[in-house]
Amino acid sequence: MAISILSVGHSPAQTPAVDAKYETFPAYNGSDLELTVDASGTHFALWSPEASAARVNIYDTDRNTPAVHVLDMTKGDSGVWRVSVPQRLYGKFYTFQILHNGKWLSETPGIWAKAVGANGERAAIIDFAATDPEGWDADRGPQVKAMTDAVIYEMHHRDFSEHPSSGIVNKGKFIALTEKGTHTPAGDKTGIDHLKELGVTHVHILPSYDYNSVDETNLQANQYNWGYDPYNYNAPEGSYSTNPSDPEARVREMKEMVKALHDAGIGVIMDVVYNHTANNDDSNFSLTAPGYFYRHRPDGSYSDASGCGNETASEREQMRDFIVNSVKYWAKEYHIDGFRFDLMAIHDIDTMNAVAAALKEVNPNIFVYGEGWTAGDSPLPAERRALKENVAKMEGIAVFSDDIRDAVKGHYSDASDRGFATGKPGAEETVKIGIVAATAHPQVDYSKGNNSKFAYASSPTQIVNYVSCHDDLMLTDKLRKSLPDASEAQRQRAARLAQTIVFTSQGTPFMFAGEEIFRDKKGVHNSYKSPDSINAIDWTLKHDNADQFAYYQQLIRLRKEHPAFRLASADEIARHLKFDKTSQPNVISYALTDHAGGDTWRDIRVVFNGNTEAVTVKIPKGKWTVIADDGRINVDGLGTSSGGTLTVAPTSALILARE
Ligand code: CA
């Protein structure tokens with residue numbers, strides 16, 4: 001969940017007394033918290049410095065049965081409670097329980113439960129080796145040199161496969177992505193074959209850890225949620241498995257999904273939401289070490305930078321350790337190729353740097369990016385927040401560019417507002433900020449930026465460009481609301497122009513699933529719990545909007561085949577990307593010169609016309625190949641041009657290249 005409010009507001013100078021106490025808690029950074037099964041038996045460990053007693057309840061089933069054993073734990077060093085039994089308890093379930101201020105709190109699976117049963121109520125003891133799909137040891141994600149070489153496709157499991165037209169059997173499940181040869185009634189490819197046909201390099205899946213909202217014991221009710229309500233951070237969500245009560249199936253099926261995507265050459269990025277939990281006093285954090293994992297207001301209430309009722313305290317040692325080791329775990333156990341941090345600015349800069357450093361050790365190709373904003377004010381001072389404005393202090397981390405997003409299509413929160421691609425002048429300089437990936441450029445005047453006033457990125461690898469995602473009105477709906485009198489054909493032209501700007505800009509391009517076939521969400525801007533009738537992608541649109549799909553395919557191809565659009569450094573961008581002077585509103589024209597980035601093309605000219613009238617521009621005379629013109633694109637060329645004064649059709653991009 002992500003409301004793009006940039007929050008740099010008032011921060012109390014001092015940590016509230018209630019939070020100061022937690023700084024004195026002993027931290028424990030061993031890797032044996034929660035559960036270890038080895039030759040000597042089963043060992044439980046729980047970090048809970050303030051508990052006066054702790055116990056483990058052992059169960060035969062994942063819910064609705066009484067405990068078969070209760071094991072009292074013993075307190076050791078660093079606030080860690082332990083108990084062991086000599087048997088290997090595979091197949092059993094368990095919970096922890098602590099005595100706090102004279103009261104036994106509710107049971108919790110613990111914060112490190114790696115396998116759980118239905119609704120994540122009880123943790124499970126399983127043999128992880130038994131969950132590995134065939135060939136898992138050799139499984140690798142795509143080797144991507146720089147994040148800017150990626151093309152990211154954001155999708156929700158249920159959106160992607162639920163519609164009857166998908167032809168997919170395991171609708172809404174992890175293993176939907178393992179089904180090959182699926183197609184619509186008209187014969188258009190769906191599922192993983194569709195992703196391959198489109199050409200994206202990575203899918204970014206909405207939260208896939210165990211979240212709170214969907215009742216996993218009643219899946220026939222067809223519930224829907226985005227999943228920004230974390231419950232068990234280190235176990236897969238049950239509703240995406242074929243049997244939520246089978247902890248091994250949850251793990252194995254998610255791995256099967258990852259493997260199928262990797263086999264198709266596609267990386268997997270997970271959306272992670274460490275910034276808040278679904279519950280407050282009843283969260284697994286609160287039931288493990290009450291208060292410790294959260295920030296508070298001076299009156300002791302939960303502070304709420306997430307807008308969801310609480311915010312976690314990444315600056316506290318045990319919380320930082322949790323976040324760092326949690327992402328490391330997903331990277332190692334599930335071979336995840338990247339992480340998207342929800343409301344990343346709730347976390348502190350040091351934690352995010354620790355995350356990036358730890359992940360690079362697991363796999364140097366892993367990406368980390370996030371929302372460089374919060375949804376409300378936080379006790380964490382602005383200078384410590386992992387804000388967009390602070391990204392230069394975060395090596396190996398990227399932020400979403402709300403600059404290009406709002407400038408191209410109009411403001412995210414004002415449905416009728418238009419932007420550069422929909423004919424509203426005044427956003428040219430902000431679009432240029434997006435084109436140069438928010439790096440310093442001699443021809444970009446940051447004082448005219450609508451969202452940012454300085455070059456906040458030190459490298460294009462720190463920027464993710466997009467015009468649409470799961471949040472707010474997705475592109476089709478935004479175009480319908482902001483261009484109420486336009487035809488669908490005109491709106492599709494605007495979508496093409498908008499995405500051409502994204503895909504030719506420096507930085508990393510990001511798109512929302514289904515835009516390539518002009519799907520919509522019936523105008524619902526916050527569809528986090530809307531039914532399938534709103535969220536499921538209707539794949540019959542692929543036939544109706546075949547030209548739109550072909551355009552996106554070529555855009556992705558253009559980017560993958562031409563390194564000029566994904567330069568490696570701010571310096572290269574400043575040297576090779578030259579804007580033309582133009583006095584026409586809603587027109588941007590630039591050149592990529594001298595085989596930029598080692599491109600086979602010596603010179604490239606890119607012109608965007610956001611006006612609903614044609615404009616003319618001057619291009620140097622020469623032998624040009626026309627790559628894009630009048631709402632069409634072909635990387636092999638649409639024809640030739642000798643330059644000079646050229647007409648750029650309404651709401652379209654003109655791209656020319658010469659060797
Ligand atoms: Ca769940």
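For the structure itself, consult the block above.
Attention here is on the structure that accompanies the text. (Residues numbered from 1 in each chain as written. Predicted model: local features only at pLDDT ≥ 70, side-chain atom pairs only at ≥ 80, totals over all residues. Heavy atoms only, no water.)

On to the nonpolar core. By size, the foremost hydrophobic cluster in this structure holds 143 residues, and its most contacted members are Tyr153, Phe339, Phe341 and Phe608. Sort the elements by how many residues they give to this core and helix α6 (residues 317-334) lands first, with 9 residues. In this structure Phe339 touches Ile269, Met270, Val272, Val327, Trp330, Ala331, Leu359, Ile366, Phe367, Val368 and Tyr369, once residues within four positions along its chain are discounted. Counting residues in each nonpolar core, the second largest holds 22 residues, with Leu89, Phe96, Ala123 and Ala235 among its members. (Core = buried A, V, L, I, M, F, W, Y, C linked by side-chain atoms within 4.5 Å. Buried < 20%, exposed > 50% of the residue type's maximum accessible area, 1.4 Å probe, protein only. Helix = DSSP H or I, 4+ residues; strand = E, 2+ residues; numbered from the N terminus. Contact = heavy atoms within 4.5 Å.)

Attention now goes to the sheet that holds strand β6 (residues 80-85). Strands sit in the order β1-β2-β6-β5 across an open sheet of 4 strands; the sheet is antiparallel. Both outer strands of the open sheet, β1 (34-38) and β5 (74-75), are each paired with one neighbouring strand and no more. Two elements, strand β2 (residues 41-47) and β6, share 6 bridges in a ladder whose sense is antiparallel. Within β6, the position partnered with Ala45 by the bridge is Arg82. (Pairing = 2+ DSSP bridges.)

A separate point is the packing of helix α3 (residues 191-198) against helix α14 (residues 546-561). Remark: α3 packs on α14, axes separated minimally by 9 Å, with the N-to-C direction vectors making an angle of 60°. As the angle between them shows, α3 and α14 are arranged oblique. On α14, the residues that touch His194, Glu197 and Leu198 of α3 are Phe549, Tyr552, Gln553 and Ile556. Residue composition of the contact of α3 with α14, grouped by class: 4 nonpolar, 2 polar and 1 charged. (Axes fitted to C-alpha atoms, helices over the stretch in contact; angles between N-to-C directions. Parallel < 35°, antiparallel > 145°, perpendicular 65-115°, else oblique. Nonpolar A, V, L, I, M, F, W, Y, C, P; charged D, E, K, R; others polar.)

Moving on, we get to the layout of surface pockets. Of the voids in this model, the largest pocket is the one considered here, and its volume is about 600 Å³. Ser31, Leu33, Leu35, Lys114 and Tyr329 are, among the 24 residues lining the largest pocket, the residues nearest its centre. At the level of elements, β1 and α6 are the ones that each hand at least two residues to the lining of the largest pocket. For the lining of the largest pocket, a count of residues per class yields 12 nonpolar, 5 polar and 7 charged. Empty space within the second largest pocket amounts to approximately 300 Å³. Tallied by class, the residues present in the lining of the second largest pocket amount to 5 nonpolar, 6 polar and 3 charged. (1 Å grid on protein atoms, 1.4 Å probe; cavity = no way out; pocket = protein on both sides within 12 Å on 5 of 7 lines; lining within 4 Å. Points joined across faces, edges and corners; volume = space filled by probe spheres on them.)

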